[in-house]
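Residue strings, one per chain:
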Amino acid sequence: MALYRRLVTDADFEEAMERQFKLRVFKDDHIVDSGGIIIRFDENTVVSQSSVSDVAYHDRSACEFFEIRKR
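Heads up: these notes are all about the structure in this document. (Residues numbered from 1 in each chain as written. Predicted model: local features only at pLDDT ≥ 70, side-chain atom pairs only at ≥ 80, totals over all residues. Heavy atoms only, no water.)

**With respect to unusual backbone geometry**
1) Next: The phi torsion at Q20 lies on the positive side, around 55°, for a residue other than glycine.
2) Next: With respect to the secondary-structure elements, Q20 resides in the loop between α1 (10–18) and β2 (22–27).
3) Next: The class of Q20 is exposed, set by a relative accessible area of 54%.
4) Next: Although it is not a glycine, D29 sits at a positive phi angle of roughly 65°.
5) Next: Mapped onto the elements, D29 comes out in the loop between β2 and β3 (30–41).
6) Next: Taking the relative accessible area as the measure of exposure, D29 reaches 71% and is therefore exposed. (Helix = DSSP H or I, 4+ residues; strand = E, 2+ residues; numbered from the N terminus. Buried < 20%, exposed > 50% of the residue type's maximum accessible area, 1.4 Å probe, protein only.)

**Re the sheet that holds β2**
1) Next: Strand order in the open sheet formed by six strands is β1-β6-β2-β3-β4-β5, with antiparallel pairing between adjacent strands. The sheet terminates laterally at β1 (2–7) and β5 (54–59), the two strands that pair on one side only. In this sheet, neighbouring strand axes are inclined to one another by 45° on average, regardless of whether the strands run parallel or antiparallel.
2) Next: Note: β3 against strand β4 (residues 45–51), four bridges, orientation antiparallel. Bridge pairing links F41 to V46 in β4.
3) Next: Strands in contact with α1 are β1, β3, β4 and β6 (63–70); relative to β3, the strand with the most contacts, it is inclined by about 85°. (Pairing = 2+ DSSP bridges. Axes fitted to C-alpha atoms, helices over the stretch in contact; angles between N-to-C directions. Contact = heavy atoms within 4.5 Å.)

**Some details on the pattern of salt bridges**
1) Next: Tallying each qualifying case throughout the model produces eight salt bridges.
2) Next: In this structure, R19 engages E15 in a salt bridge whose closest nitrogen and oxygen atoms are separated by 3.1 Å.
3) Next: The exposure class of E15 is partly exposed, given its relative accessible area of 24%.
4) Next: Between R69 and E15 there is a salt bridge; the shortest N-O distance is 3.9 Å. A residue pair is termed long-range when its members are at least 10 positions apart, and R69 in strand β6 and E15 in helix α1 qualify at 54 residues.
5) Next: Relative accessible area serves as the criterion here: at 29%, R69 is assigned to the partly exposed category.
6) Next: In the salt-bridge network here, residues are joined through shared partners; they are R5, D12, E15, R19, E67 and R69. (Salt bridge = Lys/Arg side-chain N within 4 Å of Asp/Glu carboxyl O.)

Right, here's the structure in full:
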């Protein structure tokens, strides 16, 4: 089973990036990305990577971000 925590503040994103928590991203109530880790973020964009060649850019204002932790 997994725990989900919504990421909202810069501190939330910083902790998730440093601890390399897996990420789940929703846009318009649909999952658009799952399983990657945050490699970079700023006030507008969150960049996640799930493999060497799979990098995704997400608009912070249009998406909801959740960290996934194993129980």
